[in-house]
Amino acid sequence: MFFRWRASRRTEVTSCACEPEWPELRATLDGHEVRGVPSPEGSSPLVWQLGLVATCARCGAVYPHGWSVAARD
């Protein structure tokens, strides 16, 4: 399996403007929204392999910490 390395990796730190901060994380995968949850251990392998970038569902700020895909309900 070949990984797609993106030259435009996020380097800037963006803060969330919502109250409370980071109420819900979302990413887009093939045109579909994927829910995310913060992960203190760092981003999950799935997130790294697919090159997903989490954003705040309300204000759209890029999440600067590790996260993983949320379990489906």
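Presented here is an overview of the structure given in this document. (Residues numbered from 1 in each chain as written. Predicted model: local features only at pLDDT ≥ 70, side-chain atom pairs only at ≥ 80, totals over all residues. Heavy atoms only, no water.)

**Topic: the overall build of the protein chain**
The condition that has to hold: In this description a helix means any DSSP run of H or I spanning at least four residues, a strand means any run of E spanning at least two, and both kinds are numbered starting from the N terminus. Exposure is judged per residue with a 1.4 Å probe applied to protein chains only, and the accessible area is read against the type maximum: over 50% gives exposed, under 20% gives buried, and values in between give partly exposed. Any two residues whose heavy atoms approach within 4.5 Å at even a single point are treated as in contact. Residue burial considers only the protein chains on display, and all accessible areas are found by Shrake-Rupley using a 1.4 Å probe.
For the protein chain, the helix and strand inventory stands at one helix and four strands. When the helices and strands of the protein chain are placed in sequence order, the string is β-β-α-β-β. Taken across its 73 residues, the protein chain has 30% of its residues classed as buried. Contacts in the protein chain between residues at least 24 apart in sequence constitute 66% of all its contacts with a sequence separation of at least 6. Of the accessible surface of the protein chain, which amounts to about 5,500 Å², a share of 53% is contributed by carbon and sulfur atoms.

**A short note on the pattern of salt bridges**
Selection rule: For this document, the term salt bridge refers to a Lys or Arg side-chain nitrogen within 4 Å of an Asp or Glu carboxyl oxygen.
The final tally for this structure, using the stated rule, is two salt bridges. Across the pair Glu-24 and Arg-26 runs a salt bridge, and its minimum N-O distance is 2.8 Å. Residue Glu-24 is classed as partly exposed on the basis of its relative accessible area, which comes to 29%. Measuring nitrogen to oxygen at the nearest pair gives 2.6 Å for the salt bridge that ties Glu-33 to Arg-26. A single salt-bridge network, built from bridges that share partners, covers Glu-24, Arg-26 and Glu-33.

**Topic: the pairing of strand β2 (residues 32–38)**
Heads up, the condition is: Between any two strands, pairing holds if DSSP finds at least two bridges.
Bridge count for strand β1 (residues 25–29) against β2 is five bridges, and the pairing is antiparallel. Among the inter-strand pairings, Arg-26 is bridged to a residue of β2, identified as Arg-35. Connecting β1 to the next strand, β2, in antiparallel fashion are two residues, including Asp-30 with a positive phi near 55°.

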